[in-house]
Each structure stands twice: as structure tokens, then as C-alpha cells.
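# Examining the three-dimensional arrangement
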Amino acid sequence: MTSVTEVRRSAPRAPDPGRRPGRVVGHGPWFLVLPALLPILVLSVGPLLYGVLLAFTDAQSGRTEPTRWIGTLNFRDLLHDTLFWESFRIGLVWAVGVTVPQFLLALGLALLLDQDLKLRWAARALAIIPWAMPEVVVGIMWRIVYNPDAGILNETLRDLGLGGDRDWLSGLATALPAVIVVGVWAGMPQTTVALLAGLQNTPRELHEAAAVDGAGAWRRFRTVTWPALRPIALAITALNLIWNFNSFALVYVLTQGGPGGRTRLPMLFAYEEAFRYGQFGYAAAMGCVMVAAVSITLAVFLVGRLRGGEEA
Amino acid sequence: MRTTTGARVGQYAALLAYLVFLAFPFLWLLSTAFKPPSELAGLHPTWIPQDPTLANFRQAFDEQPLLRAALNSLLAALAAAVVAVVVATPMAYVMARHRTGLARAATGWVVVSQAFPFVLLIIPLFLVLKNLRLIDSVPGLVLVYVVWALPFALWMLAGYVRAVPAELEEAAAVDGAGRLRILVSVTAPLLAPGIVATALFAFITAWNEFFFALVLLKTAEKQTLPVVLTHFIGAEGVADLGPLAAAAFLATLPSLVVFAIIQRRITGGMLAGAVKS
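Residues numbered from 1 in each chain as written. Chains lettered and ligands numbered in written order. Predicted model: local features only at pLDDT ≥ 70, side-chain atom pairs only at ≥ 80, totals over all residues.

A few words now on the overall build of chain A. From N to C terminus, chain A includes 13 helices and zero strands. Starting at the N terminus, the α and β elements of chain A follow one another as α-α-α-α-α-α-α-α-α-α-α-α-α. Across the 312 residues that make up chain A, the buried fraction comes to 42%. When contacts within chain A are restricted to residue pairs at least 6 apart in sequence, long-range pairs at least 24 apart make up 64% of them. (Helix = DSSP H or I, 4+ residues; strand = E, 2+ residues; numbered from the N terminus. Buried ≥ 20, exposed ≤ 12 C-beta atoms within 10 Å, placed from the backbone. Contact = placed C-beta atoms within 7 Å.)

This is the structure:
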């Protein structure tokens, strides 16, 4: 019901473009917007607000008693939930551990693809594979790569005489690094494509002029390429950070959060809380904390970066 | 630009390293899919199966209802792609052509919606869909996929709309064409390639999606391909590698084919969406 009133309220707010000369579409574009706006309000904005409200209730799955308001009890419980904070810490390690190498590797690849190299087409074609693959398949594939006996990783290590009897995904020390490598692999193509697009937008003449003036490759990168690439690099890194922090399917397939919770990302934790134990309210509170964390990190990251840009 | 031979060699070496890193897991998946159980059980697996077999594929279809799951995925993805594009195109048009508060709010929403963890969305969605009796149903899943695909679809489509010169529409208006008429016979034909690319992108997103399908579909007959694929991995994490690899390979093919077709357009769309007029 709320969503309907909201639509009505927002529709007249759109100025009547009929008054503006040169605009073809007049009489308020509400009927063009409605088909998309309605599902967004009902199935995205609405549930999101509902989700925030749920965090302040004791909602549980399959309970017959009515749900009650419990104020900030969920959040106070969460504060003392060491398991959750451990999971939260793992989530941060995972998000940063994936995003940073992802960016550096993607930048390297994008710079190479921007050159006049012969095997470029092959790299471009290959870069599609991780992007197009279902995350579940990526997980399955790397499980096979990491398989202690039939996996290629251990076989290669055996060939090189470096041991090769490790169970990567079950080892307490190796599980998190192992899934981070998969995360980097899976997300690299998107980042590469975005950066490559940015590179191809940088003014070529500037680059050539700098080369004529005798600027070395590093200097040219710092003074010509990077300033032009920065906005895209910032945007894609911020998005990667968010996506990685919220990721679920990869790790669900690879380790299910094991061994001993070493790879239990916050999303997996909240999923289990909600759909295994039915604690809807508590899980919603976790979601709220995750949103808050992401927003604050991003704000700090973006403000810091923007300020850095002014100094440069 | 001058590049020394040494630098060139270094560049090729680096490119080769990237090629290996990107390709080897996929090649290993392929190799595993064609290996007989005897080769998978022993140590020292080889890159090329010594005794290649199709038995894994047959066994995969015997073990899990792959065909039915693929059909479910296909239905959900097709419906989601069509609905998403039908619903998003008019709104993307408004976002690109009008600088109204609504259009700006929509653009803001596209960006903000990327930041929310699904878990905050899925619990209330689960409850809402339950009340609408759309839980554990493919139509319910399609609805969720549409909303989920909308931000990026709007972003891409708005970019494509901006690429269509507004002068064309104005000329048609001067000639006395009505608004709907202009949209249908001037703008839509020029937008068609972009609309197709967006639909295909929405299709892949839905075909690959796992989390919502895992939570929302409980009945085995309704489950989609990614969910069924995870059934190959047993409760203890022990998997029958051959059939698992075979099924995973087959599930990837549609995405790979569609993606190969639209790759250039996606890149173009991302760029077009990013360029502010």
C-alpha cells in the first residue's frame, strides 16, 4: 500500500516537460516510468525498508506467535556475538584480499591489451570465460583444480618436487588464501574490461608527446595514463569492494564456510542464521551492520581518494 | 612509440602468464570431464585424458535431473530477460532524456542498489513472496530476477538512448508524429541492438544466478541448474569428480555462447552508460 502512495506522490513532482521547448516527450513521463518503478518499489525499496524494520523485531521462520518489537536487542546481542565478528573480520580480509590483487592484475592485463601485441585476441577471448561462467561452475571448477589427488595444482607441485599432498580447501591455514585466489580469478575480467575501456579513452597524442619529450614508461604512466584512468579505477575498485564483501555463491560452493568457519563470510553466516536456524530478525540485523560497514568504508575510501586527487 | 626488444619480450612473457592463469582451470575442467574413473582415482593425473570417455556425461544425466533443471533455468532466464527489457526501456528513456528529479533518483537508485547485501533483501522478499503465494515458484523467481537485473539494464539502456540523437525525435515531432508514435517508429528501431544486448545480459545474469534460487525454490522439480549442480557435491563435500565436471561444463556452454555474441556490446554499453551528457 505504501508503495502505491509513493508512486502517486512522486509522479507530479516530475516537471511538465511540455513547457520546455525542444522536448518531444510532454505531459510528464510517469507512464513510461511506472512499469519499472512499480517492481522496484514493491520488490526492492519496499523489502529493503521492511528488512531494516525486521532487524528490530524477533521475527522467526515458522512461528505461530505474532512478531514483537524488541528495540535494539538484536544489535546488542550482535555486539557480543564473537562468531559474527570473526566472520566479519574474515569478510574484510576476503574483500580486501580479493579486490587489491584483482585491481593490480587487471591493470597489468589492461595495459598489455592496450599495446600492439600479437596474442591480444586470445587474451580477450579468454577473459570472457570467468566473466560468463556461473559462479557455481567457477566454484566447482576450482574444487577440481584444488582436489588433493586428481587436481592439477598438487600434480604440478609434485612434478616440481614441492610436496603436493596438501588438501587446500580443508586446511585451516590454506582455505582462506585458496578461496581468495578463486575470487581474484573470477572478478578479474570485469575489472580488466572497465580499465581497458578507460585506457582507450586516454588521449593518445598526449602519450606520444610525452614519449617524444623523453619520458620513460613509468613517467608516462604516472603523468598521462593514471590521471585519465583514475575515475574509472576508483569506480571499479569501489564496486569490487562492495561486490566482494557481499559475495556468497563462490565460497558456498568451494568450502561452505569451512573448515571450522575459516572461510565463513558474513553473507554465509547471515544466510545460515536466516534459513537454517530461521532467525529472521537477527539475520536482518546482521544485514544492517553489513550495509553500515560497507557505506562507511566506501565513504572513507572515496573521500580519501578524492582528496588525494586534489593534491596530485 | 618506441619499445625496446627487451621490453617487448617482457610484455609477451607477461601476456603468456595471464593466458595460462586465465585458461588453465577451464582446461582442467574439460580434461576432467572426459576422464574415466580409473584415471580420476589414481595419483598423477594428466592434462590429456589417456582413455577419453563420454561416460561422465551419461552418468551426470542419470544422477541428477539436469535436463529439467536446464529447462527451469531457461524458462526463468528468458522470462526475466524479456520482462526486464520491456519494463526498463521506457524508464531508461526517461532517465536519458529528462533531467527530472525522478530520473535523477532512479540513477541514484541504480548506484545505491549495488551496495546492499542480498541477505537484507532476501529475508523480506521471502516473506513478501510467501504472502503472495509466490514462494517456491518459478514466476516468483522471475519477478526477483527482473528487479535484480533492472539496475544494470537501466544503466546500459540509458547509455544506448543517449546515443540516439534527440534531433531525430524532434524532427518527427515537427512532422506531427505523436509521442508514442515517435517512440515506436523512430527511437525503438535505433535502440534495437542495445535492447537485444541488454536482454541477453539479463538472460545470462538470471541463468547464472544461484543465491535467490537456492533460497526461494524448495521443490526439487522446480530447481534451476546452478542449484542442481551443487547437489553433485555430497554433504561431506565429497564429489564424484567426473560427472561433476561434465555437468559443470555443459551448464557453462549457453552463457559462453551468449556472452561471446554480446561481449563487445556490453563493453560499449558500460562505456555509454558511464559517459555523462
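All right, on to the overall build of chain B then. Secondary structure summary: chain B contains 12 helices and zero strands in total. Going from N to C terminus, chain B has its helices and strands arranged as α-α-α-α-α-α-α-α-α-α-α-α. Overall, the C-alpha framework of chain B stretches about 75 × 65 × 30 Å when taken along its three principal axes. Across chain B, contacts joining residues at least 24 apart in sequence account for 75% of those joining residues at least 6 apart.

All names here are of chain B. The residues that UniProt annotates with the feature "transmembrane region" (unreviewed entry) are residues 12–30, 74–96, 108–129, 141–161, 182–207 and 244–262. With 100% helix and 0% strand, residues 12–30 has its two end C-alpha atoms placed 26 Å apart. Note that residues 74–96 is 100% helix and 0% strand, and that its end C-alpha atoms are spaced 31 Å apart. (UniProt positions renumbered as here; feature names shortened; annotations may be inferred.)

The buried count for helix H12 (residues 266–275) of chain A comes to eight of 10 residues, which makes it a mostly enclosed element. Of the positions making up H12 of chain A, those classed as buried are Pro266, Met267, Leu268, Phe269, Ala270, Tyr271, Glu273 and Ala274 of chain A.

With that settled, consider the domain arrangement of chain B. Residues and elements named next belong to chain B. Under the domain assignment used here, chain B contains domain 1 (5–53) and domain 2 (57–274). A C-alpha centroid distance of 32 Å is found between domain 1 and domain 2. Between domain 1 and domain 2, the contact holds seven residues from the first and six residues from the second. Elements with a contribution of two residues or more to the side of domain 1 that touches domain 2: helix H1 (5–33) and helix H2 (37–41). Within the side of domain 1 that touches domain 2, the residues separate by chemical class into five nonpolar, one polar and one charged. (Domains from an automatic or database assignment. Nonpolar A, V, L, I, M, F, W, Y, C, P; charged D, E, K, R; others polar.)

The next subject is the confidence of the model for chain A. All names here are of chain A. Overall, the predicted model of chain A reaches an average pLDDT of 82, with 88% of residues at or above 70. Averaged pLDDT values over the elements of chain A bottom out at 39 in helix H1 (residues 2–10) and peak at 93 in helix H4 (residues 82–113). Residue range residues 1–27 is modelled with pLDDT below 50. Its contacts to residues more than four positions away, or to other chains, number 38 contacts. (pLDDT = per-residue confidence, 0-100.)

Turning our attention to unusual backbone geometry. Despite not being glycine, glutamine 256 of chain A shows a phi value in the positive range, around 55 degrees. With respect to the helices, strands and loops of the structure, glutamine 256 of chain A is situated in the loop between helix H11 (249–254) and H12. In this structure, arginine 133 of chain B is a non-glycine residue whose phi angle is positive, near 60 degrees. Note on placement: arginine 133 of chain B falls in the loop between helix H6 (118–131) and helix H7 (138–163).

Further remarks concern the nonpolar core. Residues and elements named next belong to chain B. Ala80, Ala84, Met91 and Leu154 are the most contacted members of the largest nonpolar core, which totals 177 residues. Per-element accounting of this core gives the leading share, 19 residues, to H7. Apart from residues no more than four positions distant in its own chain, alanine 80 is found in contact with Val142, Tyr145, Val146, Ala149, Ala202 and Ala206. (Core = buried A, V, L, I, M, F, W, Y, C linked by C-beta atoms within 7 Å.)

Our next topic: the interface of chain A and chain B. Between chain A and chain B, the residue contacts involve 82 residues of the former and 78 residues of the latter. Of the residues forming the side of chain A that touches chain B, the biggest block, 14 residues, is contributed by helix H2 (residues 30–54) of chain A. When the residues that make up the side of chain A that touches chain B are grouped by side-chain class, the tally is 65 nonpolar, 11 polar and six charged.

Let's shift gears to the confidence of the model for chain B. Residues and elements named next belong to chain B. Scored by pLDDT, chain B comes out at a mean of 84, with 92% of its residues at no less than 70. A low-confidence stretch, residues 273–277 stays under pLDDT 50, and its non-local contacts, those more than four residues away or across chains, total five contacts. As a predicted assembly, this complex carries a pTM of 0.85 together with an ipTM value of 0.86.

A word on the packing of helix H6 (residues 135–146) of chain A against H1 of chain B. Two elements in contact, H6 of chain A and H1 of chain B, have axes separated by 9 Å at closest approach and are oriented at 80 degrees. The orientation of H6 of chain A relative to H1 of chain B falls into the category roughly perpendicular. Each of Met141, Trp142, Ile144 and Val145 of chain A in H6 of chain A lies in contact with H1 of chain B, whose residues at this interface are Pro25, Phe26, Trp28, Leu29 and Thr32 of chain B. For the contact of H6 of chain A with H1 of chain B, the residue count by class is eight nonpolar, one polar and no charged. (Axes fitted to C-alpha atoms, helices over the stretch in contact; angles between N-to-C directions. Parallel < 35°, antiparallel > 145°, perpendicular 65-115°, else oblique.)

Quick look at the environment of glycine 164 of chain A now. Residues and elements named next belong to chain A. Its place among the elements puts glycine 164 in the loop between helix H7 (152–159) and helix H8 (175–200). On the basis of neighbour counts, which here come to 17 C-beta atoms within 10 Å, the residue glycine 164 falls in the partly exposed class. Linking glycine 164 and threonine 174, residues 10 residues apart in sequence, is a C-alpha distance of 13 Å. Setting aside residues up to four positions removed in sequence, glycine 164 forms contacts with Asn154, Glu155, Leu157 and Arg158.

Okay, the environment of tryptophan 85 of chain A next. Residue and element names in this part refer to chain A. With respect to the element layout, tryptophan 85 can be found in helix H4. The partly exposed category is assigned to tryptophan 85, around which 14 C-beta atoms lie within 10 Å. Separated by 166 residues in sequence, tryptophan 85 and valine 251 place their C-alpha atoms 18 Å apart.

Turning to the packing of H4 of chain A against helix H10 (residues 217–245) of chain A, a few remarks are in order. Residues and elements named next belong to chain A. In the contact formed by H4 and H10, the axes pass within 9 Å of each other and the chain directions differ by 145 degrees. When you trace H4 past H10, the crossing you get is right-handed. On H10, the residues that touch Gly91, Trp94, Ala95, Val98, Thr99, Gln102 and Phe103 of H4 are Thr237, Asn240, Leu241, Asn244 and Phe245. The class makeup of the residues in the contact of H4 with H10 is six nonpolar, six polar and no charged. (Left-handed = near helix turned anticlockwise from the far one by under 90°.)

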